[in-house]
Amino acid sequence: MSLQIPCPHCGSRPVHEFVYSDIPVPPAEITDPDARDLDRAFMRNNTEGPTTERWFHAYGCLRWLTVRRDTRTDTVLPEK
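Because the structure is predicted, anything quoted here is derived from the model rather than measured.

Procedures and definitions
- Residues numbered from 1 in each chain as written.
- Predicted model: local features only at pLDDT ≥ 70, side-chain atom pairs only at ≥ 80, totals over all residues.
- Heavy atoms only, no water.
- Helix = DSSP H or I, 4+ residues; strand = E, 2+ residues; numbered from the N terminus.
- Buried < 20%, exposed > 50% of the residue type's maximum accessible area, 1.4 Å probe, protein only.
- Contact = heavy atoms within 4.5 Å.
- Pairing = 2+ DSSP bridges.
- Polar contact = N/O pair within 3.5 Å; in protein donor to acceptor, adjacent residues only side chain to side chain.

> Could you give an account of the side chain of Asp70, with specific residues and numbers?
Position of Asp70 among the secondary structure elements: in strand β5 (residues 64-70). By relative accessible area, which is 10% here, Asp70 ends up buried. Residues contacting Asp70, with those up to four places away along its chain left out, are Gly49, Pro50, Thr75 and Leu77.

This is the structure:
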């Protein structure tokens, strides 16, 4: 079974209905504009363990959700 994301408006829905969003901030020591763009586009933290993520319900209610998820087990965690 694939990851189910609990949408407060539509109920539990498959992850394929959502779009993940991450707005990375390049390190301050990267000063070259081209290098900053490269870092922003391709470098991800890839956190292991519990993390807070933003998801957009593109094939549902068209709203943003904040989800806590454990990346090791791919399970959605309860809110703090």
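Picking up where we left off.
> Please set out the pairing of strand β2 (residues 11-14) residue by residue, giving values where relevant.
Of the strand pairs in this sheet, strand β1 (residues 4-7) and β2 are connected by four bridges, and their pairing is antiparallel. By the bridge assignment for β2, Gln4 is matched with Pro14. Taking the residues between adjacent antiparallel strands as the criterion, β1 and β2 are bridged by three residues.

> Explain the side chain of Glu17 to me, using residue names and the numbers behind them.
With respect to the secondary-structure elements, Glu17 resides in the loop between β2 and β3 (19-21). For Glu17, a relative accessible area of 13% puts it in the buried group. At 2.7 Å, the side chain of Glu17 and the side chain of His57 are in polar contact. Excluding residues that lie within four positions of it along the chain, Glu17 makes contacts with Phe56, His57, Ala58 and Tyr59.

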